[in-house]
Every structure is written in C-alpha cells, then in structure tokens.
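# Structural characterization, general
For reference, the chains in residue letters:
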Amino acid sequence: ISTVALLAVSCKKDPAPEYGLSLGKDSTEFTAAESTQEITVTAKNVEWKAEVVGDATSWLTVVEGDGIITVGVKANAATTERKGVIKVSATNGSADPVELKVTQKGAEAVPVTMVISHETLPISSLGTGNRGQEITVTISGDGAENVTWDFEIEEDAKSWISAIRKKDNDNI
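Let us look at the structure shown here. (Residues numbered from 1 in each chain as written. Predicted model: local features only at pLDDT ≥ 70, side-chain atom pairs only at ≥ 80, totals over all residues. Heavy atoms only, no water.)

Side chains carrying opposite charge are able to pair once their charged atoms draw close together. The final tally for this structure, using the stated rule, is four salt bridges. Here E29 and K105 are joined by a salt bridge, their closest N and O atoms 3.6 Å apart. Taken as a pair, E29 in strand β2 (residues 27–30) and K105 in the loop between β8 (98–104) and β9 (113–116) lie far apart in primary sequence, 76 residues in all. On the basis of relative accessible area, K105 is assigned to the partly exposed category, the value being 42%. Two residues, E155 and K158, come together in a salt bridge whose shortest N-O distance is 3.3 Å. Look at E155 and you get exposed, because its relative accessible area is 64%. (Salt bridge = Lys/Arg side-chain N within 4 Å of Asp/Glu carboxyl O. Helix = DSSP H or I, 4+ residues; strand = E, 2+ residues; numbered from the N terminus. Buried < 20%, exposed > 50% of the residue type's maximum accessible area, 1.4 Å probe, protein only.)

Written as structure tokens, this is what we have:
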C-alpha cells in the first residue's frame, strides 16, 4: 500500500504558474504644464515593456523602471485637451496587455486686447490725390504674438471705400 501512495504523490503535476500584469490605475490626468507621474506596475511571473501607442509620441513619454513606469508630458500650449494611451505588455506574451489612458488639459485661454485707433472716421470731400486716413491696430497681452487679424469692407461700401494693409501688419 505504501508503494501505491508514493506513486500517486510523485505523479501529481505542479500547478501551472499564474501570469499577469496590472497597473496602479487605468487612467491619469495632467495639467497643461510639462510634468511626470509614476504609476505602479504589478507583474506576476512576466517580464514587461511599456510603449506609447499612436500619434501621442510627440508629447507623451514613458520610461520603464523597477515595478513602475514614469509617464511624462510636454507642455500643452493649445487650449484643447489631448489624450493618449500607454500600453504595458508581457515580452513573452504570457499575460494580457494593460493600458493606461492619459489626458492632458489644455492651456488656459489668455486674454488679449485689441485696440483700434479710430472707432469712426469722419468723411469729408476728398480732393484728388488725398491719401485718406490711417487706422492703427494694436494687439497686446500674453500671447499677442500668436494673434492674427484681418479686416473686411462691407459689400455695399466697396464702391467708395478701399483699404490696404501696410507692410508692418499693424496699420490699414
């Protein structure tokens, strides 16, 4: 009887090892500023790698560490938020990959002031050769260098008003 029991114990298979990957969270959010965050990676019996998925590589980075990934974002100058995904997967394919959804807020809109030198222009009898009047447009505030502007003459006034933008782009 002891021989049979010994034989039964020695034929018993070891349980298959469990494999798995998980992240400390499945999504994270950043402000518009350049910054980094560390996210915990739990790996059961697997080696793993992390990568940015899709076109977010221009602003989103990931660096692998010992049980963590360091997620980084470049500053977002646009006022719209942007989204990206980081995928963590087993290098031998023994565990399902996991994803971290990353959202970065847009920059706050900066108030810009536009001042026009004349609200109205008096019209007088213009003689031949009169050079007309000049209007100056001044744009100021943070981000003013990113503001573009244009002008338009109402359709019914085009027969008697003309305007030309000067080279310095601040005068009509």
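Still to come is the rest of the account.
Below, the discussion takes up the nonpolar core. Ranked by internal contacts, the top residues of the largest apolar core, which has 23 residues, are L21, L60, I69, V71, I86, V88 and V102. Secondary-structure elements contributing two or more residues to this core are β1 (20–23), β3 (35–44), β4 (48–53), β5 (60–64), β6 (68–73), β7 (82–90) and β8. Apart from the residues within four sequence positions on either side, I69 is in contact with Q37, E38, I39, V41, W48, A50, V62, V63, I86, V88 and L100. (Core = buried A, V, L, I, M, F, W, Y, C linked by side-chain atoms within 4.5 Å. Contact = heavy atoms within 4.5 Å.)

Here the focus is the side chain of Q104. Along the chain, the position of Q104 falls in strand β8. Judged by relative accessible area, Q104 falls into the buried class, the value being 0%. For Q104, the side chain forms a polar contact with the main-chain oxygen of A32, separated by 3.3 Å. Within the structure, the side chain of Q104 is placed 2.9 Å from the backbone oxygen of K74, a separation counted as a polar contact. (Polar contact = N/O pair within 3.5 Å; in protein donor to acceptor, adjacent residues only side chain to side chain.)

Strand order in the open sheet formed by four strands is β1-β3-β6-β5, and the pairing between neighbours is antiparallel. The open sheet has two edge strands, β1 and β5, and neither has a second partner. The mean angle between the axes of side-by-side strands here comes to 25 degrees, regardless of whether they run parallel or antiparallel. Inspection of the sheet shows β1 paired to β3 by four bridges, in the antiparallel sense. (Pairing = 2+ DSSP bridges. Axes fitted to C-alpha atoms, helices over the stretch in contact; angles between N-to-C directions.)

As a further point, take unusual backbone geometry. Unusually for a residue other than glycine, N45 sits at a positive phi of about 60 degrees. Secondary-structure assignment places N45 in the loop between β3 and β4. The exposed category is assigned to N45, whose relative accessible area is 52%.

The subject of this paragraph is the sheet that holds β7. Each strand in a sheet pairs with another by means of backbone hydrogen bonds, the pair being arranged parallel or else antiparallel. If you walk across this open sheet you meet the four strands as β2-β8-β7-β4, and the pairing is mixed. Of all the strands in the sheet, the pair left with one neighbour each is β2 and β4. The average angle at which neighbouring strand axes cross in this sheet is 20 degrees, direction not considered. Pairing between β7 and β8: seven bridges, direction antiparallel. Each residue of the ladder has a partner; that of K87, found in β8, is E99.

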